[in-house]
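Single-letter residue listing:
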Amino acid sequence: MSWNFLRRVVQLLAGVFLYGFAIAMMIRAGMGVSPWDVLSQGTSLQSGLPFGLVTNLIGLGVLLLWIPLRQRPGAGTVVNALAVGPSAEVGLALLEPQTAPAGQIAMFSGGLVLLAVATGLYIGARMGPGPRDGLMTGAHARFGWPVWAVRTGVEVTVLAAGWMLGGSVGIGTVAFAMLVGPLVNRTLPLLDVRTDRPTASAGRAG
């Protein structure tokens, strides 16, 4: 086993775990979460299922949409779909909800930065995109729709659905939408692992 491959595996596992933990931090901050997490949160509230399990189920459901788009998952795709939910549950079990404004801001900010680092780790491992990223890039490749248009349409749709189900929408949701892209643009070049052959990786986690 080469050092390069071992590093990629470690990055993938660390990135996916930290991604889920970062989601838990933003949830505990109580300032609003990302559109996909709003959907998971709302579905969890309505179904009574744990947030982490719902996150996994939604990820697996999104993977089914890859079939008509002719997308092929990588090892990182499968790990992402299966492990983000449990790691989020670990974070929710360890972290207390924040009620004071200073604590909320600190928890949310820390979660957002950690999520950007985690995204750089798992995408930089070059072992396959997350289910949600693959949905967007697959629609672009299959139909020729601009990635930004697909991403916007999908995220607005899941945000609206999650909000109607009772998910947490707030200033943090807006901050996430505005800041996650620039933050990932900083972390990904630092954590990208060079390989001899190109592999599919695009966008942020999910």
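In what follows, the structure referred to is the one given above.
The paragraphs below set out a description of the structure included in this document. (Residues numbered from 1 in each chain as written. Predicted model: local features only at pLDDT ≥ 70, side-chain atom pairs only at ≥ 80, totals over all residues. Heavy atoms only, no water.)

## A closer look at the environment of P182
Mapping P182 onto the fold places it in helix α8 (residues 171-191). Taking C-alpha positions, P182 is 9.0 Å from A116, a pair spaced 66 residues apart along the chain. (Helix = DSSP H or I, 4+ residues; strand = E, 2+ residues; numbered from the N terminus.)

## With respect to the packing of aromatic side chains
The relative placement of two aromatic rings is captured by the distance of their centres and the angle of their planes. For the coordinates displayed, the defined rule picks out three aromatic pairs. Between the aromatic rings of Y19 and Y122, the centroid separation amounts to 6.5 Å while the plane-to-plane angle is 85°, which identifies the pairing as edge-to-face. Of this pair, Y19 sits in helix α1 (residues 3-29) while Y122 sits in helix α5 (residues 101-124); the two residues are 103 residues apart in sequence, bridging distant segments of the chain. Residue Y19 is classed as buried on the basis of its relative accessible area, which comes to 5%. Residue class for Y122 comes out buried when judged on its relative accessible area of 0%. (Phe/Tyr/Trp six-rings, centres within 6.5 Å; stacked < 30°, edge-to-face > 60°. Buried < 20%, exposed > 50% of the residue type's maximum accessible area, 1.4 Å probe, protein only.)

## Thoughts on the nonpolar core
Ranked by internal contacts, the top residues of the largest apolar core, which has 32 residues, are I23, M26, F108, L115 and F176. Listed by contribution, the elements that provide at least two residues to this core are α1, α4 (75-94), α5 and α8. The biggest single contributor to this core is α1, with eleven residues. Residue contacts for I23: discarding those within four places in its chain leaves D37, F51, V84 and L115. Counting residues in hydrophobic clusters, the runner-up holds 15 residues, among them V62, L63, L69 and A81. (Core = buried A, V, L, I, M, F, W, Y, C linked by side-chain atoms within 4.5 Å. Contact = heavy atoms within 4.5 Å.)

## Looking at a nonpolar patch on the surface
A contiguous nonpolar patch, built from L49, L53, L57, L60, V78 and L82 and spanning about 470 Å² of accessible area, is present on the exposed surface. Contributions of two or more residues to the nonpolar patch are made by α3 (51-69) and α4. At three residues, the largest contribution of residues to the nonpolar patch is made by α3. A residue is classified by how much of its surface remains accessible, and L49, at 35% relative accessible area, is partly exposed. (Patch = residues over 30% accessible without salt bridge, like charges linked within 9 Å, V, L, I, M, F, W, Y side chains within 5 Å. Areas by Shrake-Rupley, 256 points an atom, 1.4 Å probe, with all protein chains shown as cover. Salt bridge = Lys/Arg side-chain N within 4 Å of Asp/Glu carboxyl O.)

## Here's the deal with α8
The terminal C-alpha atoms of α8, which comprises 21 residues, lie 29 Å apart, in line with the 30 Å expected from a rise of 1.5 Å per residue. The largest bend in α8 comes to about 40°, at L179, with the proline P182 one to four residues further on. Among all positions of α8, only G172, T173, F176, V180, V184, T187 and L191 are buried. (Expected span 1.5 Å × (residues − 1). Bend = angle between axes of the 7 residues up to and from the residue.)

## Notes on the packing of α5 against α8
Across the interface, α5 lies against α8 with an axial gap of 8 Å and an inter-helix angle of 40°. Between α5 and α8, the angle is such that the two are oblique. As α5 runs across α8, the sense of the crossing is right-handed. Where α5 approaches α8, its residues F108, L112, L115, A116, V117, T119, G120, L121, I123 and G124 are matched on the opposing element by G172, A175, F176, L179, V180, L183, V184, T187, L188 and L191. (Axes fitted to C-alpha atoms, helices over the stretch in contact; angles between N-to-C directions. Parallel < 35°, antiparallel > 145°, perpendicular 65-115°, else oblique. Left-handed = near helix turned anticlockwise from the far one by under 90°.)

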